[in-house]
Amino acid sequence: MNARECLIRGGRALTSTGLERVDVRVAEGMIVEVGPALSSGAGADEIDATGQLVLPGVFDAHVHFNEPGRAHWEGFTTGSRALARGGGTSFVDMPLNASPPTIDRESFAQKRAAGEAASVLDFALWGGLVPENLDRLEELAGCGVVGFKAFMIDSGIADFPGVDAAVLRAGMKIVAGLGLPVAVHAEDSALIAARTAAVRAAGRRDVRAFLDSRPVESELEAVRVALDLAGETGCALHVVHVSSPAAIAMVAAAKAGGLDVTAEVCPHHLLLDEAAMFAHGALAKCAPPLRDAATREALWREMLAGRVDCIGSDHSPAPADMKQGDDMFAVWGGIMGCQHGFLLLLDALDDMRLPAAWELVSARPAARLGFGDRKGRIAPGFDADLIFIERTEPREITVEELRYRHPTSPYVGRKIASRVARSLLRGSEVPLDAQGLPSGGGRFLSRIV
Ligand SMILES: [Zn+2]
């Protein structure tokens, strides 16, 4: 279907007033009218959404698609198709796993071109903030990045080093002047180094040793430092993949104190606890790591209580051979989850909780990164980025359905009861099943309008 006029009838759509039985009219790729029993225009296509939820597509502000340079890990083609199956219509790619990493104008241009050639979804890009590129942040802002990602600990990628507090302070001073946020991976380097040295000296390489080497305290210490720097520099701060309710509380308190700070959580920290790492090993290794069951449940309650700002997948793939071995410190980290994480969250949300929670994957991240007037809502004037959800009988997630380049995920075998029946990007059908279709169709979303 082309992006001509269409009328979506019969579904329950998520609008600013909640889930309601309304029709949605789309023209020229945009939502132009929302209301009950809209009249059909001459020649307009009609989409029957009876029995389906019509939701704004996921704006996933945190993926690692690894292109250019590491497309053999994932790439824009497989990554965007997997995310489309999982309800995504836009994403923001992180700067570190591409080779070269996205730390200057030249590397930005390479990544933008790769995304425009291959992505089936709209996309924006984070720039990197590393010790060597403080003099390139302004040019990256001029390229249209949504903000800058920094690691307060080793990133695992040699050409994307972490920053200490002094470099982060200097970077945040510059970025404050550019009017963009800095996103931080917040874990305390010194504390984790000491813990890691202790367990490794004891000859431990097992799951428990890895989990113990990255305690909640290290997240809290790094968040404290980042919040102090946000206050000192006036820079907007976005703390990614927060794993503990205590860190959410610190961010909420800082926000109440007037700081421009937001917290992201990830589906895996809401859906999985450390038992998953004992069951799946490296497939469930991430940083910060999965927490104990009580922490996961408390994080879920924080999310439902409205103290979380957004939910991003942190989809972080790697070839299978990098996930093998018993040394949990040596195997590559990262959870492959963008195809199922959002849908599994949806399974857990009833009609009362769904509206506020779904904003955390759509309107809120879009607004935080500068697209609050175009993406993430079903309202006139917004892009017609719509997903049609069917609630189904529970079924097991299979390896065969995974669309990642490397079809593994800790969610395989888990029961799921939601599926994306259809997806529209700016009014055009997103290919969900057609493996043979050409890639592309997604547009680069510039922060600069
Ligand atoms: Zn990440």
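Just above sits the structure.
Here's what I pulled together on the structure shown here.

What counts and what doesn't
- Residue numbering note: each chain is counted from 1, following its sequence as written.
- It should be noted that, the model being predicted, local features are given only for residues of pLDDT at least 70 and side-chain atom pairs only at 80 or more, the latter also being counted only at that level, while totals for whole chains, interfaces and linings use all residues.
- Remark: hydrogens and water are excluded; side-chain values derive from all non-hydrogen atoms of the structure.
- Pairs of strands are assigned from DSSP output, requiring at least two bridges between the strands.
- Put simply, DSSP marks the helices as runs of H or I at least four residues long and the strands as runs of E at least two long, and each gets a number from the N terminus on.
- Buried Ala, Val, Leu, Ile, Met, Phe, Trp, Tyr and Cys residues that are joined via side-chain atoms within 4.5 Å together make up what is termed a nonpolar core.
- Working definition: with a 1.4 Å probe on protein chains only, accessible area under 20% of the residue-type maximum means buried, over 50% means exposed, and in between means partly exposed.
- Residue contacts are counted whenever heavy atoms from the two residues lie within 4.5 Å of one another.
- Computed over the protein atoms alone on a 1 Å grid, cavities are sets of points where a 1.4 Å probe fits but cannot get out and pockets are open sets with protein on both sides within 12 Å along at least five of seven lines; a residue lines them when it has an atom within 4 Å of a point.
- Grid points are joined across faces, edges and corners, and a volume is the space filled by probe spheres set on the points.
- Three categories are distinguished: nonpolar for Ala, Val, Leu, Ile, Met, Phe, Trp, Tyr, Cys and Pro, charged for Asp, Glu, Lys and Arg, and polar for the others, with Gly belonging to the last.
- The length a helix should cover is 1.5 Å for every residue beyond the first.
- In this description, a line fitted to the C-alpha atoms serves as the axis of each element, helices being fitted only across the stretch in contact, and the angle between N-to-C directions of two axes falls anywhere from 0 to 180 degrees.
- Pairs of N or O atoms are called polar contacts if they sit within 3.5 Å, as long as, within protein, a hydrogen donor faces a hydrogen acceptor (for residues adjacent in sequence, only side-chain-to-side-chain pairs).

1. A word on the sheet that holds strand β7 (residues 53–56)
- Pairing is mixed in the open sheet, where six strands are placed in the order β3-β2-β7-β17-β18-β19. Looking at the sheet topology across the chains shown, the edges are occupied by β3 (18–21) and β19 (428–429).
- Looking at chain direction, strand β18 (residues 415–425) and β19 are connected through two bridges and run antiparallel. In the sheet register, Leu-424 faces β19, and the bridge partner there is Glu-429.

2. Remarks on the nonpolar core
- Of all hydrophobic cores here, the largest spans 103 residues; its most connected members are Leu-55, Phe-148 and Trp-358.
- If you tally residues by element for this core, the top one is helix α7 (residues 216–233), at seven residues.
- Sequence-distant contacts of Trp-358, that is, excluding residues within four places in its chain, are made with Leu-14, Leu-55, Pro-56, Val-58, Phe-342, Leu-346 and Ile-387.
- Membership of the second largest hydrophobic core comes to 22 residues, among which are Phe-59, Ala-61, Phe-151 and Ile-157.

3. Brief notes about the layout of surface pockets
- In this model, the largest pocket occupies a volume close to 730 Å³.
- Contributing to the lining of the largest pocket are 33 residues, with Asp-154, Ser-155, Gly-156, Arg-214 and Ala-287 lying nearest its centre.
- Contributing elements (two or more residues each) for the lining of the largest pocket: β12 (148–151), α5 (189–201) and α6 (207–213).
- Here the lining of the largest pocket takes four residues from α5, the largest share from any one element.
- Its residues placed into classes, the lining of the largest pocket shows 14 nonpolar, 14 polar and five charged.
- The computed volume of the second largest pocket comes to approximately 270 Å³.
- Lining the second largest pocket are 18 residues, with Arg-85, Arg-419, Val-420, Leu-432 and Asp-433 sitting closest to its centre.
- Per-element tally for the lining of the second largest pocket: the top contributor is β18, with seven residues.
- In the lining of the second largest pocket, the residues fall into seven nonpolar, four polar and seven charged.

4. Things to note about α7
- With 18 residues, α7 ought to run about 26 Å at 1.5 Å a step, and its terminal C-alpha atoms sit 26 Å apart, in line with that.
- Burial in α7 covers these residues: Ser-218, Glu-219, Ala-222, Val-223, Val-225, Ala-226, Leu-227, Leu-229, Ala-230 and Thr-233.
- Where α7 is buried, its residues contact α4 (165–178), β13 (181–185), α5, β14 (236–239), α8 (245–256) and β15 (261–265).
- In the segment just after α7, Gly-234 is the residue with positive phi, at about 75°.

5. Things to note about the sheet that holds strand β4 (residues 23–27)
- The four strands are arranged β5-β4-β1-β6 in an open sheet whose pairing can be described as mixed. Edge positions in the open sheet fall to β5 (30–35) and β6 (45–48), since each of these has one partner strand only. Across the sheet, the mean angle separating the axes of adjacent strands is 20° when strand polarity is ignored.

6. Some points on the side chain of Asp-309
- Relative to the assigned elements, Asp-309 resides in the loop between α11 (293–304) and β16 (310–311).
- Reaching out from Asp-309, the side chain makes a polar contact with the backbone nitrogen of Ala-263 at a distance of 2.7 Å.
- Among the polar contacts listed, one links the side chain of Asp-309 to the side chain of Arg-364, at a separation of 3.3 Å.
- Discounting residues that sit within four places of it in the chain, Asp-309 has contacts with Lys-255, Val-261, Thr-262, Ala-263, Leu-360 and Arg-364.

7. Things to note about the pairing of β4
- Burial within β4 is extensive, with five of its five residues counted as buried.
- Side-chain alternation along β4 places Asp-23, Arg-25 and Ala-27 on one buried face and Val-24 and Val-26 on a second face that is also buried.
- In terms of strand pairing, strand β1 (residues 6–9) meets β4 through three bridges, oriented antiparallel. Of the residues in β4, the one forming a bridge with Cys-6 is Val-26.
- Sheet analysis places β4 next to β5, joined by five bridges and oriented antiparallel. The residue of β5 that forms the bridge with Ala-27 is Met-30.

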